[in-house]
Number of protein chains: 2
Amino acid sequence: MPEIVDTLRTLVSPDRIVTDPDVISSYAHDEAAWAPYGTAAVLVRPESTEDVRNVVAACAEAGVPIVPRGAGTGVVGGANALDGCVLLSLEAMDEIVEVDTEERLAVVQPGVVNDTLRLACAERGLWYPPDPSSAPWSTIGGNVATNAGGLCCVKYGVTRDYVLAVEAVVGRGEVVRLGRRTAKGVAGYDLCGLMVGSEGTLGVITEVTVRLRGARSPERTVVGYFDSLRDAGAAVSGVTAAGIVPSALELMDRHVLEAVDAWRNMGLSADANVLLLGRTDLPGEAGEAEADAMVRLFEEAGATWAARSSDEAEAESLFSARKLSHPALERLGDLLTEDVCVPRGLLPEMLTRVEAAAALHDVHIANVAHAGDGNLHPVIVTPKGDDAARVRAERAFDQIIADAIALGGTVAGEHGIGLIKRRGLRDELDPAVIAMHHAVKNALDPAGIFNPGKVVGTP
Amino acid sequence: MPEIVDTLRTLVSPDRIVTDPDVISSYAHDEAAWAPYGTAAVLVRPESTEDVRNVVAACAEAGVPIVPRGAGTGVVGGANALDGCVLLSLEAMDEIVEVDTEERLAVVQPGVVNDTLRLACAERGLWYPPDPSSAPWSTIGGNVATNAGGLCCVKYGVTRDYVLAVEAVVGRGEVVRLGRRTAKGVAGYDLCGLMVGSEGTLGVITEVTVRLRGARSPERTVVGYFDSLRDAGAAVSGVTAAGIVPSALELMDRHVLEAVDAWRNMGLSADANVLLLGRTDLPGEAGEAEADAMVRLFEEAGATWAARSSDEAEAESLFSARKLSHPALERLGDLLTEDVCVPRGLLPEMLTRVEAAAALHDVHIANVAHAGDGNLHPVIVTPKGDDAARVRAERAFDQIIADAIALGGTVAGEHGIGLIKRRGLRDELDPAVIAMHHAVKNALDPAGIFNPGKVVGTP
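This structure is a prediction, so every number in the text was calculated from the model and none was measured.

A. Structural context of the packing of aromatic side chains. In total, this model carries 8 aromatic pairs over all chains according to the counting rule given. Between Trp127 of chain A and Tyr156 of chain A, the ring centres sit 4.7 Å apart and the planes meet at 80°, which makes this aromatic pair edge-to-face. With a gap of 29 residues between them, Trp127 of chain A in strand E7 (residues 126-127) and Tyr156 of chain A in helix H6 (residues 153-156) connect regions that are remote in the sequence. Residue Trp127 of chain A is classed as buried on the basis of its relative accessible area of 11%. An angle of 75° between the planes, with centres 6.3 Å apart, marks the rings of Tyr128 of chain B and Tyr162 of chain B as edge-to-face. With Tyr128 of chain B in the loop between strand E7 (126-127) and helix H5 (140-146) and Tyr162 of chain B in the loop between helix H6 (153-156) and strand E8 (163-170), this pair connects stretches of sequence that are 34 residues apart. Both residues of the pair, Tyr128 of chain B and Tyr162 of chain B, count as buried. A cation over a ring is seen here: Arg279 of chain A above Phe319 of chain A, with NZ or CZ 3.9 Å from the ring centre.

Following this line, the structure appears as structure tokens:
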């Protein structure tokens, strides 16, 4: 048994320490296909900030890496185990500490599931907007670590826009509070913002204070069927150019619709090659007008059919289909999920390039996109165990990243870098910016223990 | 002549270099009363990023500090000269490089005045929300350096929420681009966000890409007169508790109203001890309903008079009075301006404490506040040249900071730390967090040349 395990047994309650290799291996990786992962020395499930403090201090002393993780729903390998590491699962720290209706904020432990927080807020007439498709399973800690997005981002921003403060264990075991409880503040550097999206490489987040909004007006849904990705992309550009900021604007192509149909028999693919789902949450007449305008803009872009959904149950089921796209596609093979984001107006061009990459590399690519954001999730599907297809998929993956960068986009809209986007990150950023990343990483992680090698790699 | 001046003459066009002591001294400090400032070696007014790069490289080589500045409208001494420094005024880099209506973003040089950008956006049906009272003079570069706020923040956030990317000269003269042009992105650490609010201590910002919104609906204004700060504070809490997010909610007390009247003869102080100005920009009926609700809530909190403004010219003049409060008060003496921010619900308590501090320390304090944010600007007014009053003012200043921290607030809502809030920053943050600041500062400013001693001080 590695020495660190004996040390941890003296610091943390024994029932929080897991050495069973089968259990450890079930925590060894997230949902990224083909990302490497190692064998952890031990899994620790802390119950308190004090537990985390003890683990960090012991690992800093012993020079043992820590890989923090939430629910493991990530898709870039950010939570993948390193050989000999301490896997730190925050799942047991799942308390909603406080929901303050007057200040419109909530304080939660990192293991609280996104949907659990959203429900607790809704019961008080409040709303926590970030809504990744993983919301029924993913945790706020993981959402903060990856700066998770979701369907609402087109109008309401990403996780970073809602994190007011974090408590974190940093350095060699210091417990710090970063950020504030007030509506505004500029007391020193934005170290709280720096923690958001840092994927556990700068410390372990042990508490999060999030900003909330008031419950919003009911949404109206607009549905559009299109023959081609190009037409659907033109509809999205049309909505943007008209100055409309929808509360959601999602795209699914035929491959996705067929996969959902095959699983749930929803009959989506019979009518459309590409489905666009738009929503507005403007109140009253303004919402009516915006929904009508979206229908008109869909039609002008060549929709074969476009209409407002008269039935919100039907609209909900269409959005469920959107959220089920990933598990539906998983039934077809291994998935390599892209997350590139391009300037909104270049969405049609980027969709065209994705199709070209699929053809060139002879791979099956299903497209879902937070279209209103220019954030695409082309999913490359390969038959399980087909090594040649895997090689082709990785080439297509690299091609799509190169195309996104060439269009002034980014390799990571909302999933993070983890392991599988590290080369893309180096392609996107100047060497001087990479050097700044390493300088910050070394400054804030002097023991080099926090998820080493992830995101920015080693110098 | 210091050696650095000779060096700079070989690198930058001679007409960009100023050595006239009178001119240099006119750039030696911002608007903070009594904050120390030194004598700069030279003033440089770069025309290009290349100029800035050359200045930074030369200063890094020679170990000469650089103090960057915009319009000098800051109130915390952040732009104050250090002895022997190079004062770097970005005023000549004032080009609006691009306004992209489809992507809803603008690219500007740092010397562009806030109102100039806002006007250029408005001409294209777009809106750049951050609206500090200094907007007619202050520059986007300075706004970014201090993470400036304004009246709109209560609903639309602060400068940080609008900065997508910056170009900056960092380290020993590296030109870097931080951030992105896309709606979303999580490619590495949020180094762009780290630059915002760092007051020139991490590099010199040479270009800013800001996110824009579409033009909004015309605002409706609600006016309330109150006998006491307590009643007005209760009205603000009532608005917040009702779930209303106004587009502005500003407070002015009798001292401010009298100062504006004495200058501009607006007759404000005849009717009210405390004036609350609320606004809503919800469209259509929703806006009507929200304005009416604010009137009712003002009345329920004890307003002596409350009504919707039927005349938007009158409403504009009331908001002008708000924006003129600082120059109006300047006519009465030296000003020491606070910027504390407390949780919204504690605004009445904080206002009471400000009154108590004024009484205890026998100073004249005029109150303006971004009330909806919990962001107070008590202005301590002392007769010019009255040293005893100055000592009492500084005691009251410290007392207000201590009270804000005790209420869970922050020492700096939107003005920054500069020189005069450094002790407050140390009182607000844990030593471990201060140590993180120093670690980041040292990592990103290895030559120690960027506005040294400001914000976090020296270790």
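B. Highlighting the relation of the copies chain B and chain A. Least-squares fitting of chain B to chain A yields an RMSD of 0.0 Å, with the transformation described by 0.0 Å of translation along the axis and a rotation of 180°. Given the turn and translation reported, the copies of this chain are related as if by a two-fold rotation axis. Most of the interface of chain B is mirrored in chain A: 100% of its interface residues are interface residues there too.

C. Structural detail: the UniProt feature "domain: FAD-binding PCMH-type" (unreviewed entry) in chain A. UniProt records the feature "domain: FAD-binding PCMH-type" (unreviewed entry) for residues 36-215 of chain A in the present numbering. For the annotated span residues 36-215 of chain A, helix accounts for 22% and strand for 26% of the residues, and the straight-line distance between the end C-alpha atoms is 42 Å.

D. Quick look at the domain arrangement of chain A. Residues and elements named next belong to chain A. Taken as a whole, chain A is organised into domain 1 (1-91), domain 2 (96-214) and domain 3 (220-407). In this complex, domain 1 contributes 16 residues to the contact, which on the side of domain 2 involves 18 residues. Of the roughly 1,200 Å² buried at the junction of domain 1 and domain 2 (both faces included), carbon and sulfur atoms supply 70%. Counting the contacts that link domain 1 with domain 2 gives 0 salt bridges. The interface formed by domain 1 and domain 2 holds 1 residue pair in polar contact (both at pLDDT 80 or more) in total. Those elements giving two or more residues to the side of domain 1 that touches domain 2 turn out to be helix H3 (49-62) and strand E3 (66-69). The greatest single-element share of the side of domain 1 that touches domain 2, amounting to 6 residues, is contributed by H3.

E. Main features of the sheet that holds strand E4 (residues 86-89) of chain B. Residues and elements named next belong to chain B. The strand order across the open sheet formed by 4 strands is E1-E2-E4-E3, and the pairing between neighbours is mixed. Each end of this open sheet is capped by a strand with a single partner; those strands are strand E1 (17-18) and strand E3 (66-69). Pairing geometry for strand E2 (residues 42-44) and E4, over 3 bridges, is parallel. For Val44, the partnering residue across the bridge sits in E4 and is Leu88.

F. Focus on the packing of helix H13 (residues 347-361) of chain B against helix H14 (residues 387-406) of chain B. All names here are of chain B. Packing of H13 against H14 leaves a shortest axis separation of 9 Å and a crossing angle of 155°. Here H13 lies roughly antiparallel to H14, going by the angle between them. Taken as a pair, H13 and H14 cross one another with a handedness that is right-handed. Across the interface between the two elements, Met350, Arg353, Val354, Ala357, Leu360 and His361 from H13 touch Arg392, Arg395, Ala396, Gln399, Ile400, Asp403, Ala404 and Ala406 from H14. Here the contact of H13 with H14 is built from residues that sort into 8 nonpolar, 2 polar and 4 charged.

G. Fine view of the pattern of salt bridges. Here the structure, examined in full by the defined rule, presents 62 salt bridges over all chains. Taking the shortest distance from any N to any O, the salt bridge between Lys384 of chain A and Asp334 of chain A comes out at 3.5 Å. A residue pair is termed long-range when its members are at least 10 positions apart, and Lys384 of chain A in the loop between strand E18 (375-382) and helix H14 (387-406) and Asp334 of chain A in strand E16 (residues 334-337) qualify at 50 residues. Lys384 of chain A sits in the exposed class, given a relative accessible area of 58%. Among the salt bridges present, the one from Glu47 of chain B reaches Arg16 of chain B, with a minimum N-O distance of 3.9 Å. Taken together, the residues span a long stretch of sequence, with Glu47 of chain B in the loop between E2 and helix H3 (49-62) and Arg16 of chain B in the loop between helix H1 (3-9) and E1 at a distance of 31 residues. A relative accessible area of 45% places Glu47 of chain B in the partly exposed class. Arg16 of chain B gets classed as buried once you look at its relative accessible area, which sits at 13%. The structure contains a network of salt bridges with shared partners spanning Lys155, Arg216, Glu219, Arg279, Asp281, Glu312 and Glu316 of chain A.

About the cut-offs
- The written sequence of each chain sets the order in which its residues are numbered from 1.
- Written order determines the labels here, with chains lettered from A and ligands numbered from 1.
- The model is predicted, so local features are restricted to residues of pLDDT at least 70 and side-chain atom pairs to those at 80 or more, both for listing and for counting; the totals for chains, interfaces and linings are taken over all residues.
- Excluding hydrogens and water, the side-chain figures rest on all heavy atoms present in the structure.
- Pairing of aromatic side chains here covers Phe, Tyr and the six-membered ring of Trp, requires ring centres within 6.5 Å, and sorts the geometry by plane angle: under 30 degrees stacked, over 60 edge-to-face, intermediate tilted.
- Here a helix means four or more residues in a row that DSSP labels H or I, a strand means two or more in a row labelled E, and each is numbered from the N terminus.
- Throughout, exposure labels follow a simple rule: accessible area from a 1.4 Å probe, protein chains only, divided by the maximum for the residue type, with under 20% read as buried, over 50% as exposed, and the rest as partly exposed.
- Whether a charge sits over a ring comes down to the Lys NZ or Arg CZ being within 6 Å of the ring centre and within 35 degrees of the ring normal.
- C-alpha atoms of residues with pLDDT of at least 70 in both copies form the basis for the least-squares superposition of the copies.
- Note on definitions: a residue-residue contact is assigned when non-hydrogen atoms from the two residues lie within 4.5 Å.
- UniProt positions are given in the numbering used here, feature names are shortened, and annotations may be inferred rather than shown by experiment.
- Domain borders in the structure are assigned automatically or taken from a domain database.
- Two parts placed together each lose some accessible area under a 1.4 Å probe, and the buried area is that loss summed for both.
- Basic side-chain nitrogens of Lys or Arg form a salt bridge, by our definition, when they fall within 4 Å of a carboxyl oxygen of Asp or Glu.
- Two N or O atoms count as a polar contact when they lie within 3.5 Å, although within protein this holds only if one can serve as hydrogen donor and the other as acceptor, and sequence-adjacent residues are included solely when both atoms are side-chain atoms.
- By this definition, two strands are paired if DSSP reports at least two bridges between them.
- Note on geometry: axes are C-alpha line fits, over the in-contact stretch for helices, and angles between N-to-C directions span 0 to 180 degrees.
- Roughly parallel refers to an angle under 35 degrees, roughly antiparallel to one over 145, roughly perpendicular to one between 65 and 115, and oblique to any angle outside these ranges.
- Throughout, a crossing is termed right-handed when the near helix is turned clockwise from the far one, and left-handed when it is turned anticlockwise from it by less than a right angle.
- When residue character is reported, Ala, Val, Leu, Ile, Met, Phe, Trp, Tyr, Cys and Pro are called nonpolar, Asp, Glu, Lys and Arg charged, and the others, Gly included, polar.

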